[in-house]
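Structural features, examined
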Amino acid sequence: MPQSLSKVIIHIIFSTKDREAWLDRDIRPRMHAYVATICRDLNGEALRVGGVADHVHIVTTLPRTLSQAAMVETVKKTSSKWIKRLDSKYRQFYWQRGYGAFSVSPTQLNAVLEYVESQEEHHRTHSFREEYREFLHKYGVEFDERYVWD
């Protein structure tokens, strides 16, 4: 086979440091658009970016030449620098250290895209902590509470 082909869809989730509500209704659409641009610049296909004031969801394809960790690091680093340069009120903005990344089956893609799209509604009744715990349980990820929430 003379060429390498890949279509790996991932759902990435990470929060702001200490889950502070930095991403208000004014900046959130701009942050989401910027994150989508970073994914595209990395040769990923940004299928949906969403979230609420304290965290972001990214549904994207993973470029075949980039590791998951490198992609997340670049997205977080680049978007953090961008928002800090945007306005002095964001000087203390940081993303949390860790992240969650979950595989998305093509058969479940529409459901995941709808889920990300409905984040505002979802978080009227669920906290980020509850949501993240649900993802970890759904995907069978064993975790230590002491390290998930620092």
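To start, this report covers the structure provided alongside it.

All right, on to the side chain of Q119 then. By the element assignment, Q119 lies in helix α4 (residues 119–122). Those residues within four positions of Q119 in sequence are excluded, and the remaining contacts are G51, V52, H55, H57 and E131.

A few words on the nonpolar core. Grouped together as the largest cluster of nonpolar side chains are 25 residues, with contacts concentrated most on F14, M31, I58, V75, I83 and F93. When contributions to this core are tallied by element, the ones reaching two or more residues are β1 (9–15), α1 (28–41), β2 (46–52), β3 (55–61) and α2 (68–86). Residues in contact with V75, not counting those within four places in the same chain, are F14, V35, I38, C39, L42 and I58. Counting 7 residues, the second-largest nonpolar core is a separate cluster that includes I9, V104, V112 and L113.

As a further point, take unusual backbone geometry. You will see that D18, though not glycine, has its phi angle at about 55 degrees, which is positive. One can find D18 in the loop between β1 and α1. A relative accessible area of 51% places D18 in the exposed class.

Close approach of charged atoms lets side chains of opposite charge pair. Within this structure, the stated rule accounts for 5 salt bridges. Linking E120 and R25 is a salt bridge whose minimum nitrogen-to-oxygen distance equals 3.2 Å. Residue E120 is located in helix α4, and its partner R25 is located in the loop between β1 and α1; the two are separated by 95 residues in the primary sequence. You can call E120 partly exposed: its relative accessible area is 29%. The salt bridge partner of E117 is R48, with a shortest N-O separation of 3.4 Å. A residue pair is termed long-range when its members are at least 10 positions apart, and E117 in helix α3 (residues 109–117) and R48 in strand β2 qualify at 69 residues.

Thresholds, definitions, all that
- Residues numbered from 1 in each chain as written.
- Predicted model: local features only at pLDDT ≥ 70, side-chain atom pairs only at ≥ 80, totals over all residues.
- Heavy atoms only, no water.
- Helix = DSSP H or I, 4+ residues; strand = E, 2+ residues; numbered from the N terminus.
- Contact = heavy atoms within 4.5 Å.
- Core = buried A, V, L, I, M, F, W, Y, C linked by side-chain atoms within 4.5 Å.
- Buried < 20%, exposed > 50% of the residue type's maximum accessible area, 1.4 Å probe, protein only.
- Salt bridge = Lys/Arg side-chain N within 4 Å of Asp/Glu carboxyl O.

Everything listed here is a matter of geometry and, on its own, says nothing about what the molecule does.
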